[in-house]
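# Survey of secondary and tertiary structure
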Amino acid sequence: MNIRIDDITSEGLCFDTPVQQSRLDATLTDANTGCRALASVGVDVRLTKAGERIIVEGDLRTSLEVACRRCLGPIEVGLPVSFRMDLVPMRAGSRPEQDSSGQEIGEEVDSEGSFTLDSADREYYDGDTIDMWPILREQLFLALPDYPLCDQECKGLCQSCGIDLNSNECECDRFSVDPRWDALTKIKLP
Ligand SMILES: [Zn+2]
Ligand SMILES: [Zn+2]
C-alpha cells in the first residue's frame, strides 16, 4: 500500500485500494480489540500536496462484529470513517512554516506540546514513499466503538450464574452480590 510521493500531481492522487478482510481481521485480533472483520475495507482517499505537506482525506467503510459490553452478544457495526490528516516531512520539525490553504495554522500545537485533537491528526512521513496501511489502520482503530451495546436496555449477564438476562430469568438473589444494596438491607421497615 505504498504511494510514491512523486506520483501525487498538482491535481492530487486518488487511492482506492481496498483492504482485504483477512488483513483487517488479523490486525484486529493482534491488537486484542475483541472485534472481527465482516467485510473488506472500502477506501476512497485523496492525497494532495500543499507545499511539503501532504493532506490525506477521504472515507473508509467496513463492517465489524463487536461484543456487547453487557451480555457479550455479537453486534454488527457498520463503520463509516471520514478523516483528514496532514503528513509533514520528518526533517521539517513539528510544524510547517506556511500553510497555503490558510487552515488551522498556529492554533493546533501549543508551546507546551500538549496533545490536542488537531495534533493527533498530524503524522510524519520520511523518504519518498508513504505506506497507507498504518494511516488507514489508525483511523479504523479510532473509530471503533468504545462501549458497544446490543441495545441501550440490554440487561447483561447475571453476575451469579452468568445467564443472559435478556432472554432468561434465574433464581439468583442478585441484590446480595451488589454491595451498594448493603445499607438498604439493614433498614427495618415499620
Ligand atoms: Zn447486550
Ligand atoms: Zn443468575
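Quick caveat, the model's predicted, so the values are computed rather than measured.

### What to know about the nonpolar core
Membership of the largest hydrophobic core is limited to 11 residues, which are V19, L24, L28, C35, A37, V41, L60, L64, V66, L136 and L140. Counting only elements with at least two residues in this core, the list comes to α1 (21–30), β5 (53–67) and α3 (132–142). Counting residues per element, this core draws most heavily on β5, at 3 residues. Counting 7 residues, the second largest nonpolar core, distinct from the first, contains V45, I54, L87 and I130.

### Structural notes on unusual backbone geometry
Of note, the phi angle at N32 is positive, near 55°, even though the residue is not glycine. Looking at the element boundaries, N32 is found in the loop between α1 and β3 (36–37).

### A short note on the environment of C170
By the element assignment, C170 lies in the loop between α3 and α4 (182–186). Residues C170 and C158 lie 12 residues apart in sequence; the distance between their C-alpha atoms is 8.0 Å. For C170, the contacting residues outside a window of four places in its chain are C158, C161 and I163.

### Quick notes on α3
Buried residues of α3: L136, Q139 and L140, and no others. When α3 is viewed along its axis, its buried side chains cluster within an angular range of 100° and face the same direction. Along α3, exposed side chains directed more than 90 degrees from the buried face belong to P134 and L142. Those residues of α3 that are buried are in contact with β4 (42–50), β5 and β6 (74–89).

### Thoughts on the environment of F15
Within the secondary structure, F15 is located in strand β2 (residues 13–15). It is 7.6 Å that separates the C-alpha atoms of F15 and L47, two residues lying 32 residues apart in sequence.

### Regarding the confidence of the model for the chain
Averaged over every residue, the pLDDT of the chain is 83; the share at 70 or more is 76%. Note that pLDDT drops below 50 for residues 96–100; the model gives that stretch 9 contacts with residues more than four away or on any other chain. Note that residues 102–117 has pLDDT below 50 and, in this model, 9 contacts with residues that lie over four places away or in other chains.

Calculation notes
- Residues numbered from 1 in each chain as written.
- Chains lettered and ligands numbered in written order.
- Predicted model: local features only at pLDDT ≥ 70, side-chain atom pairs only at ≥ 80, totals over all residues.
- Core = buried A, V, L, I, M, F, W, Y, C linked by C-beta atoms within 7 Å.
- Buried ≥ 20, exposed ≤ 12 C-beta atoms within 10 Å, placed from the backbone.
- Helix = DSSP H or I, 4+ residues; strand = E, 2+ residues; numbered from the N terminus.
- Contact = placed C-beta atoms within 7 Å.
- Arc of directions from axis to C-beta.
- pLDDT = per-residue confidence, 0-100.

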